[in-house]
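Results of the structural survey
What follows is the residue order along each chain.
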Amino acid sequence: MFLSSVGVTAALIGKARASAHHEDDWSLNWLSVSFVLCFVIAFELGPGPIPWQIGAEIFPEHARAAAMSAAAALNWVCNAAVGLGFPAMSSALGSLVFLPFAAVLLLWLLFTA
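Below, the structure is looked at part by part. A quick note: this is a predicted structure, and the numbers were derived from the prediction, not measured.

Some words on a nonpolar patch on the surface
A contiguous nonpolar surface patch, about 310 Å² in accessible area, is contributed by Phe2, Leu3 and Val6. The exposed category is assigned to Leu3, whose relative accessible area is 71%.

Observations regarding the pattern of salt bridges
Considering all chains together, one arrives at 1 salt bridge under this definition. A salt bridge links Arg64 to Glu61; its shortest N-O distance comes to 3.5 Å. A residue pair is termed a helical-turn pair when its members lie 3 or 4 positions apart in one helix, as Arg64 and Glu61 do in helix H4 (residues 61-93) at 3 residues. Using a relative accessible area of 27% as the deciding quantity, one classes Arg64 as partly exposed. According to the relative accessible area criterion, Glu61 is exposed, its value standing at 66%.

Comments concerning the nonpolar core
The biggest cluster of nonpolar side chains holds 7 residues, and these are Val8, Leu12, Ala42, Val97, Phe98, Ala102 and Leu105. Ignoring any residue separated from it by four or fewer positions in sequence, one finds Ala42 in contact with Ser4, Gly7, Val8 and Pro47.

Some thoughts on the packing of aromatic side chains
Throughout the structure, instances matching the rule amount to 3 aromatic pairs. Residues Phe86 and Phe98 carry aromatic rings whose centres are separated by 5.7 Å and whose planes lie at 50° to one another, so their mutual orientation is tilted. One end of the pair, Phe86, is in helix H4; the other, Phe98, is in the loop between H4 and helix H5 (99-112), and 12 residues separate them in sequence. A centroid spacing of 6.3 Å and a plane angle of 50° characterise the contact between Phe98 and Phe101, whose relative ring orientation is tilted. Under the relative-accessibility criterion, Phe101 is labelled partly exposed at 26%. Through pairs of rings, three or more aromatic residues link up here, namely Phe86, Phe98 and Phe101.

Quick notes on the rules
- Residues numbered from 1 in each chain as written.
- Predicted model: local features only at pLDDT ≥ 70, side-chain atom pairs only at ≥ 80, totals over all residues.
- Heavy atoms only, no water.
- Patch = residues over 30% accessible without salt bridge, like charges linked within 9 Å, V, L, I, M, F, W, Y side chains within 5 Å.
- Areas by Shrake-Rupley, 256 points an atom, 1.4 Å probe, with all protein chains shown as cover.
- Salt bridge = Lys/Arg side-chain N within 4 Å of Asp/Glu carboxyl O.
- Buried < 20%, exposed > 50% of the residue type's maximum accessible area, 1.4 Å probe, protein only.
- Helix = DSSP H or I, 4+ residues; strand = E, 2+ residues; numbered from the N terminus.
- Core = buried A, V, L, I, M, F, W, Y, C linked by side-chain atoms within 4.5 Å.
- Contact = heavy atoms within 4.5 Å.
- Phe/Tyr/Trp six-rings, centres within 6.5 Å; stacked < 30°, edge-to-face > 60°.

Spelled out as structure tokens, the structure:
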């Protein structure tokens, strides 16, 4: 989990730094996409599956289906909030749009260390 949080944080910081320099340079655009892919990989190897595992383990058999349905709904609502809020953050922060995400992940890194 610790290595995953380091990977996610490093990917977001790398993405922000790659975006901050030479926005018209196609090689840095590909580097930005590569950092986003590294973020997804690190997240899915670390905290990504935790809600599904914890939900299946902590709820009793009779409440498991309803609890997992609520967890899935909350997951999609949070994904929608990030997806809908991202354009506003992007226009406000420009190429530094991933820094708030990196700050949250840095706090998560400190919490899990």
